[in-house]
Each structure stands twice: as C-alpha cells, then as structure tokens.
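So the chains spell out like this:
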Amino acid sequence: MITLFAYCKVEYEGRALSQLGYGERLILIKPDGSFLIHQDKKVEPVNWQPPKSKTKAYIKNRKLYLESNRRKPRERLEVEIEKLSLGSYAVVEDYEELEQAGYEKDMGDMIMENPHIIEEGFKPTAREYSVEHGFIDILGKDCEDNLMILELKSRKIGISAVKQIKRYIEDLSYEDNDVLKEMGVEKKKIRCILVGPKIDNDAQDMIDEEGIEFVVCEPPKELKKDKKVTLDGFFS
C-alpha cells in the first residue's frame, strides 16, 4: 500500500472529463488497484479509480506523474506532482471482513432462530422468497396454517413499506396459488405482517385500513462472537 502527500494537479478522462488544479492532497494506492485522492475536507475521495485499475509512474520535464488506467469502461486518471512532501509504502496483510449488525438480515437471522418473537406457533419456512414484485423477507405459517408474509425493516416503517407488502399480497392472492400448495396451506387467508422498531402515523393509518399487522421488533445490535479455537486434541 502506497501513501503519498503531494502538491499536485489531477486530470480525469473517461465517462466524463474533469480537472483539479494544484493543491496539497493525500494519494492512496492500494494493492487491489484502487487509486484514491483525498482533499482536506469530506470523507469521500475527490478522484478515484476502482479495484483492478493499473497504476504506473514516470518522470517528465522533471515532474513525477502517476497514471491509473481502467479498461472497461476505459478511464484514465493522471496526477502531475509538483512537490512530494511525504511518501511511504507497506506490505499489508488484512484478511478480515467487516462485520455489521442492526440490519434486516440480522433481524431475519434472529427471527428464524426465535420465531416466537413474532408470535407463538409461528413456523418460518422460507427466506427471500421470490415473487413477481420482489423478494418476501420471510414466509411461514401460523398455528392455524394460515400463510404469513413478513416484511422486515430495521428503521421506522413508512408508507413505502406498506405499499411493498401490499404488492406481495397481490402476487400470492390469485386462485390455485403454487405457494399455498407448496406449503400445504389449505386456507386462503394470507396474513401480512410488518416487522420493525417503529411505524410512522401515516403508515399506521394505512395498515389499519388494509388489515395489515405490525409487530415491534428491534434489530440486534451485537456482532456475532467469534467461535473460540482451542488446542484440545492437537497434542494427544
């Protein structure tokens, strides 16, 4: 990984054209080919090239040039360095993936492992079930064998979520429905349940009119703990 602090200017050509005049910037070149140029403000780089880009350096007219090229689509990022104040490199080893918590997937994992969170007798049977208008987060049956559609939201539920689950109802409501047959559901009643920490007033009014249910559920905030590795049995 190469880090440079330089007084430079930048030109880009590809899907568009851009030019950045001389200024002091941080340049970061990663082993995967990523090329980033940061100014002294904002989180995002002002210019960048994605992984798998190819970078080369050359000297012209006593100035150092860095050029990052991408093939598809064809893009070129050129940095003309007037003054280099700092340069460093390191051989980096980092094999960890970022773990996150508090998202719909985490809610889904929690409900699949503890279905009573929704209600006693709930039996989840499928996740990310594909229908015409999207993917149903969790599909299952209640204790009376009625079909249950769960739409999960990790943030406050709004009208858009209500409209989304209504489209799923339409997908599953027609006669001779294959989903009902697959699940062995004889009854035609379909229960739709929005699951999330909160619901706004407009969405609440809408679900009251539509007969859609709402279950309060907070997404898990803890990361899954790594399994402990022991040496038991290694030296038997």
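Rules behind the numbers
- Residues numbered from 1 in each chain as written.
- Predicted model: local features only at pLDDT ≥ 70, side-chain atom pairs only at ≥ 80, totals over all residues.
- Heavy atoms only, no water.
- Helix = DSSP H or I, 4+ residues; strand = E, 2+ residues; numbered from the N terminus.
- Buried < 20%, exposed > 50% of the residue type's maximum accessible area, 1.4 Å probe, protein only.
- Contact = heavy atoms within 4.5 Å.
- Pairing = 2+ DSSP bridges.
- Axes fitted to C-alpha atoms, helices over the stretch in contact; angles between N-to-C directions.
- Core = buried A, V, L, I, M, F, W, Y, C linked by side-chain atoms within 4.5 Å.
- Parallel < 35°, antiparallel > 145°, perpendicular 65-115°, else oblique.
- Nonpolar A, V, L, I, M, F, W, Y, C, P; charged D, E, K, R; others polar.
- Right-handed = clockwise from strand over helix to strand, strands pointing away.

## Focus: the environment of Ile149
Here comes step 1: Positionally, Ile149 belongs in strand β10 (residues 147-152).
Here comes step 2: Ile149 sits in the buried class, given a relative accessible area of 0%.
Here comes step 3: Ile149 sits 43 residues away from Cys192 along the chain, and the two C-alpha atoms are 4.8 Å apart.
Here comes step 4: With near-sequence residues (within four places) excluded, Ile149 lies in contact with Ile136, Ile138, Leu139, Ile165, Tyr168, Ile169, Leu172, Ile190, Arg191, Cys192 and Ile193.

## Notes on the environment of Pro219
Here comes step 1: Summarising the element assignment, Pro219 is placed in the segment after β12 (213-216).
Here comes step 2: For the pair Pro219 and Gly196, spaced 23 residues apart in the sequence, the C-alpha separation amounts to 7.6 Å.

## Topic: the sheet that holds β12
Here comes step 1: With mixed pairing, 5 strands are arranged side by side in an open sheet as β8-β9-β10-β11-β12. Only two strands of the sheet have a single neighbouring strand rather than two, namely β8 (123-131) and β12. Taking each pair of neighbouring strands and ignoring which way they run, the sheet shows an average axis angle of 30°.
Here comes step 2: Where strand β11 (residues 190-196) meets β12, 4 bridges bridge the pair, whose relative direction is parallel. By the bridge assignment, Leu194 is partnered in β12 with Phe214.

## Quick look at the nonpolar core
Grouped burial of nonpolar side chains is what soluble globular proteins tend to show.
Here comes step 1: Ranked by size, the top nonpolar core spans 21 residues in total, and within it Ile136, Leu139, Ile149, Leu172 and Leu194 carry the most contacts.
Here comes step 2: Counting only elements with at least two residues in this core, the list comes to β8, β9 (134-141), β10, α2 (159-172), β11 and α4 (201-210).
Here comes step 3: Sort the elements by how many residues they give to this core and α2 lands first, with 5 residues.
Here comes step 4: In this structure, Cys8, Val10, Phe35 and Val79 belong to the second largest nonpolar core, which totals 14 residues.

## Some remarks on the packing of α2 against α4
Here comes step 1: Between α2 and α4, whose axes approach to 8 Å, the crossing angle comes to 25°. In terms of their interaxial angle, α2 and α4 are classed as roughly parallel. Packed against α2, whose contacting residues are Ile159, Val162, Lys163 and Lys166, the element α4 presents Asp202, Ala203, Met206, Ile207 and Glu210 at the interface.
Here comes step 2: Residue classes in the contact of α2 with α4 are distributed as 5 nonpolar, no polar and 4 charged.

## What about the pairing of β11?
Regular strands place side chains that alternate from one sheet face to the opposite one.
Here comes step 1: Of all 7 residues making up β11, 7 are buried, and the element is well covered by its neighbours.
Here comes step 2: Burial along β11 is two-sided: Ile190, Cys192, Leu194 and Gly196 and Arg191, Ile193 and Val195, pointing in opposite directions, are all buried.
Here comes step 3: Considered for its hand, the β-α-β crossover made up of β11, α4 and β12 is right-handed.

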